[in-house]
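# Reading the structure
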Amino acid sequence: MKRVSRYALIMSATATFLSVSLGGCGGDGGGGTASPQASVSTSATSSAASASASSAVSSSSSTSSSSSSSASSSSAAGAAKAGYDLTFDEEFDSLDVSAHGPGTRWIAHTPWNGDFGDAAFADPVAGFPFTTDNGILRIEARKDASGNWQSGLLASVDANGNGFSQQYGYFEMRAKLPAGDGVWPAFWLDSLIPPDSGDPSYEVDVEYYGQFTGAYAASTHVWPKGDPGGATTATQNIAVTPNLLTSDYHVYGISVEADWTIFYLDGVEMWRTATPASHKHKLMILVDLALGGGWPITATPSPSDMYIDYIRAYKRTGS
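This one's a predicted model, so the numbers in the text were calculated from it and none came from an experiment.

### Considerations on empty space enclosed by the protein
A full pass over the atoms with the stated rule returns one cavity of 30 Å³ or more. Put simply, the largest cavity is a space of about 60 Å³. As for the largest cavity, its lining consists of Met173, Leu177, Pro185, Ala186, Phe187, Val206, Glu207, Tyr208, Tyr216, Tyr252 and Met306. No other element matches strand S10 (residues 183-191), which puts three residues into the lining of the largest cavity. Grouping the constituent residues of the lining of the largest cavity by class yields ten nonpolar, no polar and one charged.

Below, the structure written as structure tokens:
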């Protein structure tokens, strides 16, 4: 959740993060929503990992170690997925970004101009908060000379609706997350509702809270227009091996179709929730290194860095 603090929602997770049983996630309940990962199907994932998400992640990380142990794995062959067409491919050989657009692939603030967290999202300048090197994007959070935190956010659509968005499909990011209390990186999707529409927006989040090294959060939110307090939220804390997500690169995937919204880690289904019938608009891609999210940042390392190899999106062939 990016428009209000998640503190009330995540207080229940302070004592322990629960692993996710996948027994009810796969099989014939998917309605044709198999993972676009060529080697993993939804039903196979569910049967192989029905004990817990933690065991599924361990299995996945061992089978994908050759790709996650290197920094940049970008290639045209690696981007191909059976049954899907590639619609967005950001390999970060360079970065086309401006504060608010127009005319750049990314902007450095949310299109609704609603920044969040305990670090201000900075207008990009040479060397901060974004740098690229050998096909890897670094987003840096650090204190400035006055002791104030600044960091970075990328959004694929500007305030006028220019940029990349699509309603359904598969979206993924390969990244190494920052370590340390108070870091709050996220890969997420959100709909930008036209001014003349009263429809609610649909937000889909993959978030990591630095205090909890053995879990990350997957969530969806339906935001009634003009009533941020009336959001309907589904959320799941997903257990992983402690420090797994900050010690190496992993692939975070989100499939959004008319029936299900499904979250993947390294090609393994972690959790699914029903896509709301109110989801009628295209989704933009956002990624950020926020701080706080309801947790203190007094011990947050300065600088803190998030590394991203690529961000891609796909649509089902023929859709």
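From this point, the discussion proceeds with the structure in view.
### As for the pattern of salt bridges
Inspection of the entire model under this criterion finds nine salt bridges. Ionic pairing is found between lysine 81 and glutamate 172, a salt bridge with its closest N-O pair at 3.7 Å. Highlighted residues: lysine 81 in the loop between helix H5 (76-79) and strand S1 (84-90) and glutamate 172 in strand S9 (residues 169-176), separated in sequence by 91 residues. The pair formed by lysine 81 and glutamate 172 is uniform in burial state, with each residue classed as buried. The salt bridge involving glutamate 140 is made with arginine 138; its shortest N-O contact spans 3.3 Å. Since its relative accessible area comes to 24%, arginine 138 is described here as partly exposed. One salt-bridge network, in which partners are shared between bridges, spans Asp89, Glu91 and Arg312.

### Here's the deal with the packing of aromatic side chains
Taken as a whole and judged by the stated rule, the model has twelve aromatic pairs. Measuring from ring centre to ring centre gives 5.1 Å for phenylalanine 116 and phenylalanine 121, while their planes differ by 70°; the resulting arrangement is edge-to-face. Residue classification places phenylalanine 121 among the buried positions, given a relative accessible area of 4%. Ring centres 6.1 Å apart and planes at 45° place the aromatic pair tyrosine 170 and tyrosine 314 in the tilted group. Highlighted residues: tyrosine 170 in strand S9 and tyrosine 314 in strand S18 (residues 304-316), separated in sequence by 144 residues. Take tyrosine 170 and tyrosine 314: they sit in the same class, and that class is buried.

### Quick look at the confidence of the model for the chain
For the chain, per-residue confidence averages 82 on the pLDDT scale, and residues scoring 70 or more make up 76% of the total. Segment residues 3-34 is flagged for pLDDT under 50; beyond a separation of four residues in sequence, or across chains, it makes 85 contacts in the model.

### Here's the deal with the environment of aspartate 96
Within the secondary structure, aspartate 96 sits in the loop between S1 and strand S2 (97-98). With ten residues separating them in the primary sequence, aspartate 96 and tryptophan 106 have C-alpha atoms 6.2 Å apart. Of note is the side chain of aspartate 96, whose polar atom sits 3.1 Å from the backbone nitrogen of arginine 105.

### Some points on the nonpolar core
In this structure, Met173, Tyr216, Leu245, Tyr252, Ile285, Ile308 and Ile311 are the most contacted members of the largest nonpolar core, which totals 49 residues. Setting aside chain neighbours within four positions, we find isoleucine 311 in contact with Phe88, Asp89, Glu90, Phe92, Trp106, Glu172, Met173, Phe187, Ile285 and Val287. Membership of the second largest hydrophobic core comes to 16 residues, among which are Ile107, Ala186, Ala217 and Met284.

### Some thoughts on the pairing of S9
Note on strand geometry: in a regular strand, side chains alternate between the two faces of the sheet. Of all eight residues making up S9, seven are buried, and the element is well covered by its neighbours. For S9 and strand S14 (residues 250-256), the ladder comprises seven bridges, and the chain directions are antiparallel. Across the sheet, the residue bridging to methionine 173 is tyrosine 252, located in S14. Two strands pair when backbone bridges link them, and S9 and S18 are joined in this way by seven bridges, in the antiparallel orientation. Residue pairing for S18: phenylalanine 171 is matched across the bridge by alanine 313.

Basis of the calculations
Residues numbered from 1 in each chain as written. Predicted model: local features only at pLDDT ≥ 70, side-chain atom pairs only at ≥ 80, totals over all residues. Heavy atoms only, no water. 1 Å grid on protein atoms, 1.4 Å probe; cavity = no way out; pocket = protein on both sides within 12 Å on 5 of 7 lines; lining within 4 Å. Points joined across faces, edges and corners; volume = space filled by probe spheres on them. Helix = DSSP H or I, 4+ residues; strand = E, 2+ residues; numbered from the N terminus. Nonpolar A, V, L, I, M, F, W, Y, C, P; charged D, E, K, R; others polar. Salt bridge = Lys/Arg side-chain N within 4 Å of Asp/Glu carboxyl O. Buried < 20%, exposed > 50% of the residue type's maximum accessible area, 1.4 Å probe, protein only. Phe/Tyr/Trp six-rings, centres within 6.5 Å; stacked < 30°, edge-to-face > 60°. pLDDT = per-residue confidence, 0-100. Contact = heavy atoms within 4.5 Å. Polar contact = N/O pair within 3.5 Å; in protein donor to acceptor, adjacent residues only side chain to side chain. Core = buried A, V, L, I, M, F, W, Y, C linked by side-chain atoms within 4.5 Å. Pairing = 2+ DSSP bridges.

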